[in-house]
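Structural features, examined
Each chain, letter by letter, is given below.
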Amino acid sequence: SALMLVGDALRAMDRPEDALSAYAEAHQSAELYLEPIKRLIQTYNELGDSVKELEYLERLDRLSPLNVERKVQIGGLKLKLGNLTAADREFGKAVKLTTDQAMSLISGLSRNIAEQCMAQAPELAERYLRYSLEAKQKILSRSDMETFNALGLVLRMQGKWCEAVEEYRKALEIAPEDEIIRYNLALAFMDGQE
């Protein structure tokens, strides 16, 4: 923290090279602390040193890879430095990350709506649970097992045990050892007297 303050003071005194030294020392003493890296990036940007700015942006991106704007910034610098292929790759990462984040938000919203509907309108809950799973189709993971379980339960509440079995089987493709899914699959078969 002291080195950061020294760097900020030196930068305010229009001594960017000395500020860079203080920020670099702060970064070396705590490599996982993001603020010194951010200050290095800002200072190199102010100095117009795109190569060093890019170096620290990529370092920051490795430590904190879920920042879309940073990926766009990295792509822009790579483009500025004449590396079209690398720039395109970064822009593609930004678009994919944004899409994944948006789909996760839609999925969460749909799941929340479904929970509100479960007791009084299971058919409506079914529709929103399906939206939730469809939104994350390409990024489904073990964290979605609750949604599969809820969908199976809603289907069973409507007497659609065969459809519940299908959904539980899809869930088992993602998490084959999930005991809760297996248990609920057995209950769905029991509902159908299978």
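Below is a short write-up of the structure.

What counts, and at which threshold
- Residues numbered from 1 in each chain as written.
- Predicted model: local features only at pLDDT ≥ 70, side-chain atom pairs only at ≥ 80, totals over all residues.
- Heavy atoms only, no water.
- Helix = DSSP H or I, 4+ residues; strand = E, 2+ residues; numbered from the N terminus.
- Rg over C-alpha atoms; globule rule 2.2 N^0.38 Å.
- Contact = heavy atoms within 4.5 Å.
- Areas by Shrake-Rupley, 256 points an atom, 1.4 Å probe, with all protein chains shown as cover.
- Lys, Arg positive; Asp, Glu negative; His and termini not counted.
- Charge placed at Lys NZ, Arg CZ, Asp CG, Glu CD.
- Buried < 20%, exposed > 50% of the residue type's maximum accessible area, 1.4 Å probe, protein only.
- Expected span 1.5 Å × (residues − 1).
- Axes fitted to C-alpha atoms, helices over the stretch in contact; angles between N-to-C directions.
- Parallel < 35°, antiparallel > 145°, perpendicular 65-115°, else oblique.
- Left-handed = near helix turned anticlockwise from the far one by under 90°.
- Nonpolar A, V, L, I, M, F, W, Y, C, P; charged D, E, K, R; others polar.
- Core = buried A, V, L, I, M, F, W, Y, C linked by side-chain atoms within 4.5 Å.
- Salt bridge = Lys/Arg side-chain N within 4 Å of Asp/Glu carboxyl O.

Let us now look at the overall build of the chain. A count of helices and strands for the chain gives 10 helices and zero strands. Its helices and strands taken in sequence order, the chain reads α-α-α-α-α-α-α-α-α-α from the N to the C terminus. Taken against the 2.2 N^0.38 rule, which gives 16 Å for 194 residues, the C-alpha radius of gyration of the chain at 25 Å runs more than 25% over that of a compact globule. Taken along its principal axes, the extent of the C-alpha atoms in the chain is 80 × 40 × 30 Å. When contacts within the chain are restricted to residue pairs at least 6 apart in sequence, long-range pairs at least 24 apart make up 45% of them. Accessible surface for the chain amounts to roughly 11400 Å². Of this, 54% is attributable to carbon and sulfur atoms. Each charge class in the chain was averaged separately, 25 positive and 32 negative side chains, and the resulting centres sit 2 Å apart.

Residue aspartate 14 is not a glycine yet carries a positive backbone phi of 60°. Within the chain, glutamine 193 stands out as a residue other than glycine whose phi angle is a positive 55°. Taking the relative accessible area as the measure of exposure, glutamine 193 reaches 75% and is therefore exposed.

So, about helix 7 (residues 122-135). Spanning 14 residues, helix 7 covers 20 Å between terminal C-alpha atoms, matching the ideal 20 Å at 1.5 Å per step. Turning to helix 7, its buried residues number three or more, namely Pro122, Ala125, Glu126, Leu129, Ser132, Leu133 and Ala135. As for helix 7, its buried residues are in contact with helix 6 (84-117), helix 8 (145-157) and helix 9 (161-174).

To continue, consider the packing of helix 6 against helix 7. The axes of two packed helices give the description: the angle between them and the distance between them. Interhelical geometry of helix 6 versus helix 7 gives an angle of 165° and a closest axis separation of 8 Å. Between helix 6 and helix 7, the crossing angle belongs to the class labelled roughly antiparallel. The handedness of the crossing between helix 6 and helix 7 comes out as left-handed. Contacts from Met103, Ile106, Ser107, Ser110, Arg111, Ile113, Ala114 and Cys117 in helix 6 reach Pro122, Leu124, Ala125, Tyr128, Leu129, Tyr131, Ser132 and Ala135 in helix 7. A class-by-class count of the residues in the contact of helix 6 with helix 7 yields 12 nonpolar, three polar and one charged.

One finds Ala125, Leu129, Met145, Phe148, Tyr168 and Ile181 to be the most contacted residues of the largest nonpolar core, which totals 22 residues. Taken together, the elements giving at least two residues each to this core come down to helix 6, helix 7, helix 8, helix 9 and helix 10 (179-191). The biggest single contributor to this core is helix 8, with six residues. Contact partners of methionine 145, with chain neighbours within four places excluded, come to Ala171, Ile174, Ala175, Asp178 and Ile181. Grouped together as the second largest cluster of nonpolar side chains are 16 residues, Met4, Leu57, Leu60 and Ile74 included.

All right, on to the pattern of salt bridges then. Counted by the stated rule, this structure contains 22 salt bridges. A salt bridge links glutamate 126 to lysine 160, with the nearest nitrogen and oxygen atoms 3.0 Å apart. Here glutamate 126 is found in helix 7, whereas its partner lysine 160 is found in the loop between helix 8 and helix 9, with 34 residues between them in sequence. With a relative accessible area of 8%, glutamate 126 lands in the buried category. Judged by relative accessible area, which is 28%, lysine 160 ranks as partly exposed. Lysine 136 is the partner of aspartate 144 in a salt bridge, and the nearest nitrogen-oxygen pair spans 2.9 Å.

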